[in-house]
Structure formats: structure tokens, C-alpha cells
Amino acid sequence: MTTSDDQPTPGELPDYGSVPPPSPGTPSASEAVLQQNKKASWSLVLGIIGLLGLCCTIGGFLGIPAVVLGILGRSEIEASNGTQTGSGMAIAGIVTGAIAALAAIDVLIVFAVDGSISGNLTVG
């Protein structure tokens, strides 16, 4: 026996083929599921690794793909009509990537002007 709102009474099984009601806290089929933008995530990861890799000089150049992925991620997020998140992560990736790339370029310029990586080292 069912109640007036077609819910089974306690202890009664629903009719075969009927769809059980959604459990509390689960989104319905009409609600969009938000997804984290992957390019925004990778932008932030590469930007942070680029900053940490400045001691190796080459690591700083990971900032270039971080900036590119951050820009692409932001444009995808804006075009998704609210189904993707991660705009702040993309901005953070752009900023950390730009700092890492500029610092790596500065380090290379200093090395080029100085003429050596090890400084003023004399042999003999």
C-alpha cells in the first residue's frame, strides 16, 4: 500500500520498474555538475614548480606553459556558462608562471653579462 504521494510505506517494497526517490543531498538530473578546469589546475602546478625550479634556471621556463594554460583555462571557464570552475586557480597559475618565466630570463641575462655561471673563478 502506498501513501498519497506515491512513496512506499515503511517495510513495503516499491513497484517493479519504479524509480526510487533521490536520497537527500544528491543533485537531481536537472542540476549541472560543476567540474574543475584541468588547464587551470595544470597552470597553477606548473607555475609553482617553475618558481621552485628557479634554482636550476631551466625550471623557471615552466612558467611559459603555465601562463599559456592559465589563459586557455580562463577562456574555457568563461565559455562554459558556469559549468566549470577554477578561474582563481587559472589567475594564480598565470601570475606564478609569469614571475617564474621573468625571473628565469633575468637569471640568464645576468649569466650572459657576467660571462660565466660560476662567477670569477681563476684557474692556475
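This one's a predicted model, so the numbers in the text were calculated from it and none came from an experiment. (Residues numbered from 1 in each chain as written. Predicted model: local features only at pLDDT ≥ 70, side-chain atom pairs only at ≥ 80, totals over all residues. Heavy atoms only, no water.)

**Observations concerning the overall build of the chain**
Next, step 1: Looking only at helices and strands, the chain has 3 helices and 2 strands in total.
Next, step 2: Listing every helix and strand of the chain by position from the N terminus yields β-α-α-β-α.
Next, step 3: Scored against the burial criterion, the 124 residues of the chain give a buried share of 19%.
Next, step 4: At a minimum sequence separation of 6, the contacts of the chain that also span at least 24 residues come to 67%.
Next, step 5: When the accessible surface of the chain is totalled, it reaches about 8700 Å², and 68% of it is carbon and sulfur. (Helix = DSSP H or I, 4+ residues; strand = E, 2+ residues; numbered from the N terminus. Buried < 20%, exposed > 50% of the residue type's maximum accessible area, 1.4 Å probe, protein only. Contact = heavy atoms within 4.5 Å. Areas by Shrake-Rupley, 256 points an atom, 1.4 Å probe, with all protein chains shown as cover.)

**Some details on unusual backbone geometry**
Next, step 1: Phi is positive for asparagine 81, which is not a glycine, with a value near 55°.
Next, step 2: Judged by its relative accessible area of 71%, asparagine 81 is exposed.

**Remarks on the packing of helix α2 (residues 63–79) against helix α3 (residues 87–114)**
Next, step 1: Taken N-terminus to C-terminus, the directions of α2 and α3 make an angle of 160°; their axes are 7 Å apart at the nearest point. Classified by the angle their axes make, α2 and α3 are roughly antiparallel. Crossing hand, α2 versus α3: left-handed. Residues Gly63, Ile64, Ala66, Val67, Gly70, Ile71, Arg74 and Ile77 of α2 form the contact with α3, whose participating residues are Ser87, Ala90, Ile91, Gly93, Ile94, Gly97, Ala98, Ala100 and Ala101.
Next, step 2: Classifying every residue of the contact of α2 with α3 gives 11 nonpolar, 5 polar and 1 charged. (Axes fitted to C-alpha atoms, helices over the stretch in contact; angles between N-to-C directions. Parallel < 35°, antiparallel > 145°, perpendicular 65-115°, else oblique. Left-handed = near helix turned anticlockwise from the far one by under 90°. Nonpolar A, V, L, I, M, F, W, Y, C, P; charged D, E, K, R; others polar.)

**A few points about the pattern of salt bridges**
Where charged atoms of side chains with opposite charge meet at close range, the side chains can pair.
Next, step 1: Going through the model one piece at a time under the given rule, you end up with 2 salt bridges.
Next, step 2: A salt bridge links glutamate 76 to lysine 39; the nearest nitrogen and oxygen atoms lie 2.6 Å apart. Here glutamate 76, found in helix α2, pairs with lysine 39, found in helix α1 (residues 38–52); they are 37 residues apart in sequence, far enough to count as distant.
Next, step 3: One salt bridge in this structure joins glutamate 78 and arginine 74, with 3.2 Å as the shortest N-O distance. In this pair, glutamate 78 and arginine 74 both sit in helix α2, 4 residues apart, roughly one turn of the helix.
Next, step 4: By relative accessible area, which is 56% here, glutamate 78 ends up exposed.
Next, step 5: Among the residues examined, arginine 74 registers a relative accessible area of 25% and is labelled partly exposed. (Salt bridge = Lys/Arg side-chain N within 4 Å of Asp/Glu carboxyl O.)

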